[in-house]
Amino acid sequence: MDAAQQLAKVSESPRLDAEVLLASTLKRPRSYLHAWPERMLELQQAARFTAWLERCLAGEPVAYLLGCREFWSLELEVTPDTLIPRPETELLVELALERLPANDPVQIADLGVGSGAIALALARERPRARIVATDRSPAALAVARRNAQRLRIANIEFRQGDWCEALADDRFDLIAANPPYVAATDSCWREGALRFEPSAALVAGVDGLDALRVIIAQAPDCLKLGGWLVLEHGYDQGETTATLLREQGFVEISDHQDAAGFPRTVCGRWSG
Ligand code: GLN
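Keep in mind it's a predicted model, so treat the numbers as computed, not measured.

Further remarks concern the site of the ligand. Around the ligand, a shell composed of Leu83, Arg86, Glu88, Asn178, Pro179, Pro180, Tyr181, Val182, Ala201 and Leu202 is seen. One of the backbone nitrogen or oxygen atoms of Pro179 is found 2.7 Å away from a nitrogen atom of the ligand. Between an oxygen atom of the ligand and a main-chain N or O atom of Leu202, the distance comes to 3.5 Å. Alone, the ligand offers 300 Å² of accessible surface; in the complex the protein occludes 87% of this. Partitioned by chemical class, the residues of the shell around the ligand number seven nonpolar, one polar and two charged.

Right, let's talk about the sheet that holds strand β5 (residues 156-160) for a bit. Sheet architecture is open: seven strands sit in the order β5-β4-β3-β6-β7-β9-β8, paired in mixed fashion. Bordering the open sheet on either side are β5 and β8 (250-257), each of which pairs with just one other strand. Averaged over neighbouring strand pairs, the angle between their axes works out to 15° when direction is ignored. Relative to strand β6 (residues 172-177), strand β3 (residues 107-111) runs parallel, the two sharing four bridges. Note on β6: the bridge partner recorded for Ile108 is Leu174. Along the sheet, helix α8 (residues 138-150) contacts β4 (130-135) and β5; its crossing angle with β5, the most-contacted strand, is approximately 170°.

A word on the nonpolar core. Ile108, Leu120, Leu122, Ile131, Ile156 and Leu174 are the most contacted members of the largest nonpolar core, which totals 36 residues. It is helix α7 (residues 117-125) that provides the largest number of residues to this core, a total of seven residues. In this view, Ile108 contacts Leu100, Leu122, Ala129, Arg130, Ile131, Val132, Phe172 and Leu174; residues no more than four positions away in its chain are not counted. Counting 27 residues, the second largest nonpolar core, distinct from the first, contains Cys164, Leu167, Ile175 and Phe250.

Moving on, we get to α8. With 13 residues, α8 extends 18 Å between its outermost C-alpha atoms, agreeing within 8% with the 18 Å of an ideal straight helix rising 1.5 Å per residue. Those residues of α8 that fall on the buried side of the exposure criterion are Ala140, Leu141, Val143, Ala144, Asn147 and Ala148. Mapping the buried residues of α8 onto a view down its axis gives an arc of 160°, with all of them on the same face. Of the residues in α8, the exposed ones pointing more than 90 degrees away from the buried face are Pro138 and Gln149. Along its buried surface, α8 packs onto β2 (74-77), α7, β4 and β5.

Conventions and cut-offs
- Residues numbered from 1 in each chain as written.
- Predicted model: local features only at pLDDT ≥ 70, side-chain atom pairs only at ≥ 80, totals over all residues.
- Heavy atoms only, no water.
- Near = heavy atom within 4 Å.
- Polar contact = N/O pair within 3.5 Å; in protein donor to acceptor, adjacent residues only side chain to side chain.
- Areas by Shrake-Rupley, 256 points an atom, 1.4 Å probe, with all protein chains shown as cover.
- Nonpolar A, V, L, I, M, F, W, Y, C, P; charged D, E, K, R; others polar.
- Pairing = 2+ DSSP bridges.
- Helix = DSSP H or I, 4+ residues; strand = E, 2+ residues; numbered from the N terminus.
- Axes fitted to C-alpha atoms, helices over the stretch in contact; angles between N-to-C directions.
- Contact = heavy atoms within 4.5 Å.
- Core = buried A, V, L, I, M, F, W, Y, C linked by side-chain atoms within 4.5 Å.
- Buried < 20%, exposed > 50% of the residue type's maximum accessible area, 1.4 Å probe, protein only.
- Expected span 1.5 Å × (residues − 1).
- Arc of directions from axis to C-beta.

The following block contains the structure:
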């Protein structure tokens, strides 16, 4: 059976995963596979490919095996200290960019930066912005810093700390976060590929809302008047997250669906 067929058992993108693994085995870009479809693997390469394939079939995410994942056309290093950036989080970047004037030196915060995906995408699109990226995990911050250095993105300041606490007295035009939002009672994070990811980046209390509640409560003290809070949430947390924002005094609240049609990202504006 070919690798893609086997990977279909564990992956939503088996063909792509098989190609990425094979291209990495050959240390060539994926396009090489299409240019030289009949090329045979050397013995050592075949052994490496088989070992990787077996780890994938046991559930280990391809991104951790290879140590990288693309997000917003940026090649990012990822390690088991960081969540693997998801395509649906690109929606958060789009919504944030719609709310950030293109040429102003705006102030942006990304809370729980992980591998740096959101902060780096915003920094690349808004080179005049000043971005503060925070994470509680020093190991995740180290990965994010390395990504910024490798991509030569210099307009991000990294700070260690919990949510808004690391923002000190600064005031921001926009605060973005993809916090943990899986419910502790939901067994999904102990299973499949999710079990390889840091639970601190996935799980947030019994109902999955602990981190969102803290961020929504803290954000008003760190936003400028008219500043935006943009938050990713679980597929069934849209209404609750919007209500939390409303109760806190946010206005212009909107919830947006990801490409799979799930409510995924909520925006609200701080009106004082
Ligand atoms: N979107 C992730 C998932 O698939 C969860 C990420 C998060 O908690 N921020 O479960």
